[in-house]
Amino acid sequence: MEGLVSMNWRGRRVLVTGHTGFKGSWLSLWLHAMGAEVSGLALAPPTDPSLFDAARIAKLVDHEEGDIRDYATVHATMARVRPEVVFHLAAQPLVRLSYEQPVQTYATNVMGTVHVMEAARQVGGVGALVCITTDKCYENREWVWPYRETDPMGGYDPYSSSKGAAELAIAAYRRSYFPAEGGTLLASVRAGNVIGGGDWALDRLVPDLVRAFEAGEAPVIRSPDAVRPWQHVLEALGGYLLIAERLIAGEAAFADAWNFGPSDDDARPVGWIVDTMRAAWGGTHEASPHHGPVPHEAGLLRLDCSKARAALGWRPALTLDTALDWIVDWHKQAGAGADPRDLTLGQIAAYRARMASPVAG
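These remarks concern the structure in this document. (Residues numbered from 1 in each chain as written. Predicted model: local features only at pLDDT ≥ 70, side-chain atom pairs only at ≥ 80, totals over all residues. Heavy atoms only, no water.)

## Focus on unusual backbone geometry
Argument step 1. Cis geometry is adopted by the peptide bond preceding Pro49, which originates at Asp48 and carries an omega value of 10 degrees.
Argument step 2. As for its position among the elements, Pro49 is in the loop between β2 (37-42) and α2 (51-54).
Argument step 3. Even without glycine at this site, Arg56 takes up a positive phi of about 55 degrees.
Argument step 4. Of note, Arg56 is situated in the loop between α2 and β3 (62-65).
Argument step 5. On the basis of relative accessible area, Arg56 is assigned to the partly exposed category, the value being 31%.
Argument step 6. Phi angles above zero are rare outside glycine, and Arg82 is one such case at about 50 degrees.
Argument step 7. By secondary structure assignment, the location of Arg82 is in the loop between α3 (71-81) and β4 (85-88). (Helix = DSSP H or I, 4+ residues; strand = E, 2+ residues; numbered from the N terminus. Buried < 20%, exposed > 50% of the residue type's maximum accessible area, 1.4 Å probe, protein only.)

Here it is, written out as C-alpha cells:
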C-alpha cells in the first residue's frame, strides 16, 4: 500500500549519522525494530539526559563516536560498514547556537554533508543516500504561501544558510556523481519543526515546556505569534523511510528534494502550542514573556508537501494536538519510571498502525 513503510529491512545494512541525537535515536530504534543491521556514527549524545542513553541504544546498534567534520573518520566508517542505505542526520541543529558558533555550524552542516557524500562515492555500494536538512533551508520571505521544493535556497541566520548551502551541495553531487542510471541514488528531505518524547535539547520550545512543567514553573516564551510547521518526529522519519525504500528499489525519480510537514491547517503559533500542551499536562502556570535581546528568527514558515502526498502516498498520521498528547504521555510515563525504550517502541508501533488507517487523527 502506498504511504506505508513496507520494505523488508531485515538484515539490511544501514548507516545512520547523528544516531546519538533525538531524531537519530528514534530512527535507530525504528530500523532495529524492523530487523535492520544498524550502524551509527556521531559525537557523544548532545544532551544529558538523552534518549540515546535512556533507551540504551548503544546496545542495539554498532555504535561509533566520531566527527563528520573529519573526512578520514567518515570514510573509514563507510568502508568498514559497507552500508546499503545511509541516513545522514548528523548536524548542528539549533538556530540560536549557530549565532554563537557559526564556524562550527558551517563546518558540520556543509562540509560534514560533503564528507558523507564523498565517502559514499569513494567506497561505493550505497544504494540509497538520504540527506536530512530542514524547512529553514528556503529563502524565507515570510509570506503566507508554503514553500515548495523548487523554491530558492537561502537563510538569514548561520544555521538556516548552512542548510541551504548543504542543499546546493547535495544537488551538485546528485548531478555530478550520482547519475539517475545505476549506482547511488541521492535524495534530500526537508522536515518541519520536529517534536517528540525524549527530546531534551536546550533552547527548543517543546523541551523547554517539558522542563518547566516538570519543575512546576512558568515557561518563558520568546515569540508567541511565530508560526512553524510542527510535526511529531515519527511523521518525518516515516517520510525518510519511504524515500529510502524507493531509492533502494532503484526508482531514480525519487532521487530529488522532498518536503515533509503537517497539514496546511495544522501549522500553529507558539502560543497555541504552549496552551494546548499545558492543558494536556495539567499545568497551571501561564507563560511568561522573554525579556532581553533576541536574535532574528522567522515569524512565519510553512511547507508545501503536495509532492510527497501525490508521489509517495505520504500523509500526516497525527494531528498536532494528538502529537502533543503523545509527548506529554511519553514524558509523564518516563518520569514515573517507565522504560524509555519501551515507550518509544510503543509509540512507533502505534504510529505504524495509524499509517495503515484510512483516517489520521
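## Structural notes on helix α11 (residues 320-335)
Argument step 1. Here α11 is 16 residues long and its end C-alpha atoms lie 23 Å apart, about the 22 Å a rise of 1.5 Å per residue gives.
Argument step 2. Among the residues of α11, those classed as buried are Leu320, Thr322, Ala323, Leu324, Trp326, Ile327, Val328, Trp330 and His331.
Argument step 3. Backbone geometry just downstream of α11 places Gly337 in the positive-phi region, at approximately 110 degrees. (Expected span 1.5 Å × (residues − 1).)

## Side note on the pattern of salt bridges
Argument step 1. A complete count under the given rule lists 16 salt bridges for this structure.
Argument step 2. Between Asp208 and Arg211 there is a salt bridge, and its shortest N-O distance comes to 2.7 Å. With Asp208 and Arg211 both in helix α7 (residues 205-215), this residue pair falls three residues apart, about one helical turn.
Argument step 3. Overlapping salt bridges bring together Arg12, Arg13 and Glu84 as one network. (Salt bridge = Lys/Arg side-chain N within 4 Å of Asp/Glu carboxyl O.)

## Focus: helix α12 (residues 340-355)
Residues lying three or four places apart along an α-helix face the same way, a consequence of the helix completing one turn every 3.6 residues.
Argument step 1. With 16 residues, α12 should reach 22 Å at 1.5 Å per residue; the first-to-last C-alpha distance of 22 Å fits that figure.
Argument step 2. The N-cap of α12, judged by a side-chain oxygen 2.9 Å from the amide nitrogen of Arg341 a few residues on, is Asp339. (Polar contact = N/O pair within 3.5 Å; in protein donor to acceptor, adjacent residues only side chain to side chain.)

## Examining the side chain of Gln347
Argument step 1. Summarising the element assignment, Gln347 is placed in helix α12.
Argument step 2. Look at Gln347 and you get buried, because its relative accessible area is 8%.
Argument step 3. Sequence-distant contacts of Gln347, defined by excluding residues within four places in its chain, comprise Trp26, His232, Leu234, Trp326, Asp329 and Trp330. (Contact = heavy atoms within 4.5 Å.)

## As for the sheet that holds β3
Hydrogen bonds between backbone groups are what pair the strands of a sheet, and the pairing can be parallel or antiparallel.
Argument step 1. As summarised here, the arrangement of the seven strands in space is β3-β2-β1-β4-β5-β6-β11, forming an open sheet in which the pairing is parallel. One side of each edge strand has no neighbouring strand; the edge strands of this open sheet are β3 and β11 (257-260). The mean angle between the axes of side-by-side strands here comes to 20 degrees, regardless of whether they run parallel or antiparallel.
Argument step 2. Pairing between β4 and strand β5 (residues 128-132): four bridges, direction parallel. The residue bridging Phe87 from the neighbouring strand is Val130, located in β5.
Argument step 3. On the sheet, helix α1 (residues 22-33) packs against β1 (13-17), β2, β4 and β5 and is oriented at approximately 170 degrees with respect to β1.
Argument step 4. Those strands touched by helix α8 (residues 233-248) are β4, β5, β6 (185-191) and β11, and its axis lies near 155 degrees from that of β5. (Pairing = 2+ DSSP bridges. Axes fitted to C-alpha atoms, helices over the stretch in contact; angles between N-to-C directions.)

## A look at the packing of aromatic side chains
Argument step 1. Applying the stated rule across the entire model yields ten aromatic pairs.
Argument step 2. Consider the rings of Phe213 and Trp281, whose centres lie 5.8 Å apart with planes at 40 degrees: the pair is tilted. Separated by 68 residues along the polypeptide, Phe213 in helix α7 and Trp281 in helix α9 (residues 270-281) bring together distant segments of the chain. Across the pair, exposure class does not vary: Phe213 and Trp281 are buried alike.
Argument step 3. Site record: aromatic cluster; members linked through ring pairs are Tyr173, Tyr177 and Phe178.
Argument step 4. The cationic tip of Arg121 hangs over the ring face of Tyr177; the distance from NZ or CZ to the ring centre is 4.0 Å.
Argument step 5. Sitting above the plane of the Trp258 ring, Lys307 keeps its charged end 4.4 Å from the centroid. (Phe/Tyr/Trp six-rings, centres within 6.5 Å; stacked < 30°, edge-to-face > 60°. Lys NZ or Arg CZ within 6 Å of the ring centre and 35° of its normal.)

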